Amino acid sequence: FEDGPGRVVVDAIHYDGLPAVGKQALAQQQVEADAGYGARLRRTVLDLEGCTASMRPAWQYYMEMPCVSDTVYGRRHRYVYGYSSVFEAACIGLAKVDMDAGTAERYEPPSGVILLEPRFIP
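We now turn to the structure provided with this report. All values derive from a computational prediction rather than experimental measurement. (Residues numbered from 1 in each chain as written. Predicted model: local features only at pLDDT ≥ 70, side-chain atom pairs only at ≥ 80, totals over all residues. Heavy atoms only, no water.)

Remarks on the pairing of strand β6 (residues 91-98)
Phase 1: The buried fraction of β6 is high, at six of eight residues.
Phase 2: Pairing of strand β5 (residues 79-86) with β6 involves eight bridges; the strand directions are antiparallel. Counted as the bridge partner of Ser84 is Gly93 from β6.
Phase 3: Between β5 and β6, which pair antiparallel and follow one another directly, the connecting turn spans four residues, one of which, Ala90, has a positive phi of 50 degrees.
Phase 4: Where β6 meets strand β7 (residues 103-107), five bridges bridge the pair, whose relative direction is antiparallel. In the strand pairing of β7, Asp98 is matched with Thr103. (Buried < 20%, exposed > 50% of the residue type's maximum accessible area, 1.4 Å probe, protein only. Helix = DSSP H or I, 4+ residues; strand = E, 2+ residues; numbered from the N terminus. Pairing = 2+ DSSP bridges.)

Here is the structure:
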């Protein structure tokens, strides 16, 4: 979303490194096989006039498929939602990250239930 003249804010998933996908590609690049488990939500602020960018972590845990409500898409928003995995527990739940407060809530479904990309229904 635009945050004043020449300033754009982007909430997105970032990886420390994003190698090609597949075992053969990973072996050729000598990349750790667990590299894909590093997906984290970060807020990036682009200063288009000053040609600078700053980035801060929004949540310290694994998260993918971030989204916001369609009512605030492209505008300032407080919450970002996504699916969040706890790999050790084989649990895929939903996360609600408060971008203003820097806190988050995580819903874990019952055993045997897997949640994926959150979608808002008008």
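Digging into the packing of aromatic side chains
Phase 1: Summed over the entire model, instances satisfying the criterion amount to two aromatic pairs.
Phase 2: Arranged with centres 5.4 Å apart and planes meeting at 70 degrees, the rings of Trp59 and Tyr61 form a pair that is edge-to-face.
Phase 3: Relative to Phe120, the ring of Tyr81 lies with its centre 5.3 Å away and its plane at 75 degrees, an arrangement referred to as edge-to-face. Within this pair, whereas Tyr81 is found in strand β5, its partner Phe120 is found in the segment after β7, the two being separated by 39 residues in sequence.
Phase 4: Classification of Tyr81 by relative accessible area gives partly exposed; the value is 23%. (Phe/Tyr/Trp six-rings, centres within 6.5 Å; stacked < 30°, edge-to-face > 60°.)

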